[in-house]
Amino acid sequence: MNILLVGGGAREHAICEAIYRSKDVEIYSVMSNLNPGIKKLSKEFIQENEKNIEKIVDYAKLKEIDIVLVGPEAPLELGIVNEINKAGINACCPTKEAARIETDKDWMRNLLKKYKIPGQLKFKTFSDEKKARKYMEDLNGDVAIKPIGLTGGKGVRVSGDHFNDINEASKYVKEVIDNKIGGKAKVLIEEKAIGEEFTLQAFSDGITILPLPAVQDHKRLLPEDKGPNTGGMGSYSCENGLLPFLSKSDYEEGAAILQKIVESLNREGCKYVGPIYGQFMLTVDGPKIIEINARFGDPEAMNVIPLLENDFIDICKAMINGNLDTKKLKIKKKSTVCKYIVPEGYGFKSMIGEKIFVDEDAIKSTGSILFYASVNKDDDLVKTTSSRSLAVVGISDKIDDAEKICEDALRHINGDHIFIRHDIGTQELIDKRIKHMIELRGM
Ligand code: AMP
Ligand code: GLY
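Residues numbered from 1 in each chain as written. Chains lettered and ligands numbered in written order. Predicted model: local features only at pLDDT ≥ 70, side-chain atom pairs only at ≥ 80, totals over all residues. Heavy atoms only, no water.

Draft legend 1. Structural context of the environment of I420. Of note, I420 is situated in strand β25 (residues 418-420). Distance from I420 to M233, taken between C-alpha atoms, is 7.7 Å for residues 187 residues apart in sequence. Beyond its immediate stretch of four places on either side in the chain, I420 contacts K339, Y340, I341 and L410. (Helix = DSSP H or I, 4+ residues; strand = E, 2+ residues; numbered from the N terminus. Contact = heavy atoms within 4.5 Å.)

Have a look at this one:
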């Protein structure tokens with residue numbers, strides 16, 4: 001069976017390893033950078049912009065591909081799955097209509113409202129700065145300001161974190177509208193949710209979903225969750241599939257929300273096939289929906305995919321064939337800690353083309369898994385691009401051990417211009433998150 005993987009990040013490297021573990025597959029890949037991990041596992045690859053759909057479809061036809069898997073959201077928005085399907089090839093990802101759940105935040109919020117899905121937040125969209133200001137005042141300034149379309153996880157600003165008063169908030173609203181940040185001269189104003197964030201990813205065939213362990217991603221650039229939002233600096237998950245602040249019933253509520261979203265998409269005539277991602281805020285009133293993504297999370301994919309004992313392609317086939325209800329996920333009961341290595345300046349102005357020395361054998365000897373991200377490798381040297389560079393995942397029975405294993409591996413990655421959030425997965429940071437939730441519940 002021939003599989004085509006689109007994307008050259010660490011999430012795609014994790015997907016690639018899972019495909020590689022499957023029976024009787026040959027991997028072909030398309031990536032814009034030269035990810036050495038994906039390259040090694042692929043029978044053949046092309047270096048191509050992941051948004052060049054025509055080229056990718058031609059390549060899929062040429063290589064007689066049976067299933068296409070797409071990691072990043074940008075090609076999904078452009079309708080890569082629609083075009084792949086038109087060519088008579090299956091894709092285990094959503095069509096552009098179903099992917100609107102991620103690519104159009106206005107549509108997403110209205111869908112949740114129409115189908116009365118639990119976990120909603122108050123919201124309105126505006127093209128007029130003055131009206132937006134009035135709404136923000138009505139919400140006492142406790143808001144999140146969001147561009148409507150894709151911004152690579154960097155367009156959202158939240159009160160208290162990124163601005164402190166209505167004037168600053170209005171300034172950003174104007175910037176989003178005037179500069180069409182996220183593709184439209186429109187802005188989404190949302191009620192600010194207070195609590196602890198968690199990610200719930202699931203496989204979906206459009207009817208049934210099979211949820212994966214919960215993960216907490218740390219999106220802020222700096223230790224102690226300070227600084228600007230990034231694509232994610234690292235993440236952790238626990239052996240019981242929950243999180244230290246997340247109960248089984250909170251998890252089940254999150255999964256029920258994802259199930260209802262998949263059902264509502266089906267009723268809208270856009271069946272959702274592929275991995276789906278829910279970002280939730282666990283508040284004192286239960287989980288609230290922060291965003292829904294039409295793909296695996298990055299870094300969160302790296303926490304859950306290595307734990308999957310099922311044949312990955314067998315699950316993909318069940319998503320495509322609509323018989324996910326006949327499958328049961330087998331997940332290793334292990335904790336995971338994932339830490340990203342990013343170029344110095346990431347989040348502001350990344351240092352590009354800087355060397356990173358990676359001792360793959362030494363990393364392997366620690367028991368950690370290495371996933372390459374947006375790097376290039378020429379002349380045997382790994383070099384940074386503007387995005388995240390590589391990630392290390394420690395896996396063990398308990399979280400503290402997984403964190404130590406991850407840190408052991410990080411000692412074998414060196415460079416003069418790299419940055420790592422070493423606090424991710426430490427007991428100290430986890431205790432802070434637990435304390436935060438206890439304080440909120442006590443208020
Ligand atoms: P998003 O791109 O929508 O995931 O937003 C990026 C980050 O902004 C989230 O991970 C949250 O930390 C924060 N955020 C987004 N929306 C809200 C909200 N309504 N209330 C509080 N924080 C939010
Ligand atoms: N880690 C956040 C995302 O993948 O969108």
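Draft legend 2. Just unusual backbone geometry, in detail. For the peptide bond that leads from D298 to P299, omega is 25 degrees, which places it in the cis range. Mapping P299 onto the fold places it in the loop between β17 (286-293) and α11 (300-304). Phi at E64 is positive, roughly 50 degrees, even though this residue is not glycine. In this structure, K116 takes a positive phi of about 50 degrees despite not being glycine. Along the chain, K116 turns up in the loop between α7 (105-114) and β6 (123-126).

Draft legend 3. Up close: the nonpolar core. Core analysis: the biggest nonpolar cluster contains 75 residues, and L4, V68, I80, I101, I261, L390 and I413 have the highest contact counts within it. Examining the composition of this core, we find that seven residues originate from one element, helix α10 (residues 248-267), more than from any other. Ignoring anything within four residues of it in the chain, the contact list for I413 reads I341, I356, F357, V358, I363, L370, L390, V392 and I418. Membership of the second largest hydrophobic core comes to 33 residues, among which are I38, L210, V304 and C316. (Core = buried A, V, L, I, M, F, W, Y, C linked by side-chain atoms within 4.5 Å. Buried < 20%, exposed > 50% of the residue type's maximum accessible area, 1.4 Å probe, protein only.)

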